[in-house]
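# Secondary and tertiary structure notes
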Amino acid sequence: IFMLGQATYKSMLEFKQAVLFLIRHYHVNQFYVEEICCSSPYMNMLKEAVIGSGSKIIGITHYPDMPQGVWQQTVAQLCPPCDEVENMDPHTRSIRAKKLRTAKAMLERSDFCICRLQDHPLEKSIRGYMKRLHGLKTLDISRGCDDIIFEEVKPEGSRHTAPRPL
């Protein structure tokens, strides 16, 4: 879960619907959440949706090496709402590169992706990377409630299969 953008009533309902669908139909039991989303209204919806499901919420940070005391403070700030925190050292200084590397690392370890890429500065780069990952199913909530579908991102040159509607 990353790059969700501004929370609106509609986008939060769509988000919650997607999370509940993943839990009920695909038995998803781990949600990786970009650090910036951990303090957003989306996190409240995620926490509400996972109650009683046994699903774990893992906050993802992207800091270079830091002293143990600073890391413990970071974990304390994110737990709760997260159950755990993992750091993905991006080995880069630019904020754009950090965000891109973090997104790529999250995508590599995921079967599903919930995001809002429309008009995001990294949209083209992330969509290009998604095409290289086999079997990743993406929900871009920027499409609107009536059009929410999980698209299986197919590598370039492969045939498109019909998305599964929610």
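Everything below is about the structure printed above this text.
Residues numbered from 1 in each chain as written. Predicted model: local features only at pLDDT ≥ 70, side-chain atom pairs only at ≥ 80, totals over all residues. Heavy atoms only, no water.

### A short note on the overall build of the protein
On a plain count of helices and strands, the protein comes out with five helices and seven strands. Mapped in sequence order, the helices and strands of the protein form the string α-β-α-β-α-β-α-β-α-β-β-β. Across the 166 residues in the protein, those meeting the buried criterion constitute 45%. For the protein, the proportion of contacts with a sequence separation of at least 24, taken over those separated by at least 6, is 67%. By element, 50% of the accessible surface of the protein is carried by carbon and sulfur atoms, the whole surface being about 9300 Å². (Helix = DSSP H or I, 4+ residues; strand = E, 2+ residues; numbered from the N terminus. Buried < 20%, exposed > 50% of the residue type's maximum accessible area, 1.4 Å probe, protein only. Contact = heavy atoms within 4.5 Å. Areas by Shrake-Rupley, 256 points an atom, 1.4 Å probe, with all protein chains shown as cover.)

### Observations regarding the packing of helix α4 (residues 95-108) against helix α5 (residues 123-132)
Remark: α4 packs on α5, axes separated minimally by 11 Å, with the N-to-C direction vectors making an angle of 25°. Judged by the inter-axis angle, α4 sits roughly parallel to α5. As for the relative orientation of α4 and α5, their crossing is right-handed in sense. Across the interface between the two elements, R96, L100, A103, K104, L107 and E108 of α4 pack against S125, I126, Y129 and M130 of α5. Here the contact of α4 with α5 is composed, by residue class, of six nonpolar, one polar and three charged. (Axes fitted to C-alpha atoms, helices over the stretch in contact; angles between N-to-C directions. Parallel < 35°, antiparallel > 145°, perpendicular 65-115°, else oblique. Left-handed = near helix turned anticlockwise from the far one by under 90°. Nonpolar A, V, L, I, M, F, W, Y, C, P; charged D, E, K, R; others polar.)

### Here we look at the pairing of strand β1 (residues 30-34)
Burial analysis of β1 places four of its five residues in the buried class, which makes it a mostly covered element. By the bridge criterion, five bridges tie β1 to strand β2 (residues 56-61) in an arrangement that is parallel. Within β2, the residue paired with V33 across the bridge is G59. What joins β1 to β2 is helix α2 (residues 41-50), and the crossover it makes is right-handed. (Pairing = 2+ DSSP bridges. Right-handed = clockwise from strand over helix to strand, strands pointing away.)

### Focus: unusual backbone geometry
The omega angle of the peptide bond from C79 to P80 is -10°, so this bond is cis rather than trans. Secondary-structure assignment places P80 in the loop between α3 (68-78) and β3 (84-87).

### Examining the state of the cysteines
Inspection of every chain in the model, using the stated rule, returns zero disulfides. Counting only cysteine sulfurs, C82 is the nearest neighbor of C79, a cysteine outside any disulfide, at a range of 5.7 Å. The class for C79 is partly exposed, based on a relative accessible area of 23%. Note on C82: no disulfide assigned, nearest cysteine sulfur contributed by C38 at a separation of 3.4 Å. (Disulfide = S-S within 2.5 Å.)

### Here's the deal with the packing of aromatic side chains
A complete count under the given rule lists three aromatic pairs for this structure. An angle of 75° between the planes, with centres 5.3 Å apart, marks the rings of F15 and Y42 as edge-to-face. Placement of F15 in helix α1 (residues 9-26) and of Y42 in helix α2 is noted, with a sequence separation of 27 residues between them. Residue classification places F15 among the buried residues on the basis of a relative accessible area of 1%. (Phe/Tyr/Trp six-rings, centres within 6.5 Å; stacked < 30°, edge-to-face > 60°.)

### Observations concerning the nonpolar core
Judged by nonpolar contacts, the single largest core of 29 residues is most densely connected at F15, F31, L46 and I114. Mapped by element, the contributors of at least two residues to this core are α1, β1, α2, α3 and β4 (112-115). With seven residues, α1 is the largest single contributor of residues to this core. With sequence-adjacent residues up to four places away left out, F31 is seen in contact with I1, V19, L22, I23, L46, V50, S55, K56, I57 and I58. (Core = buried A, V, L, I, M, F, W, Y, C linked by side-chain atoms within 4.5 Å.)

### So, α1
Taking 1.5 Å per residue, 18 residues should reach 26 Å; α1 reaches 25 Å between its end C-alpha atoms and fits that length. Turning to α1, its buried residues are S11, M12, E14, F15, K16, A18, V19, L20, F21, L22 and I23. At the exit of α1 stands H27, carrying a positive phi of roughly 55°. (Expected span 1.5 Å × (residues − 1).)

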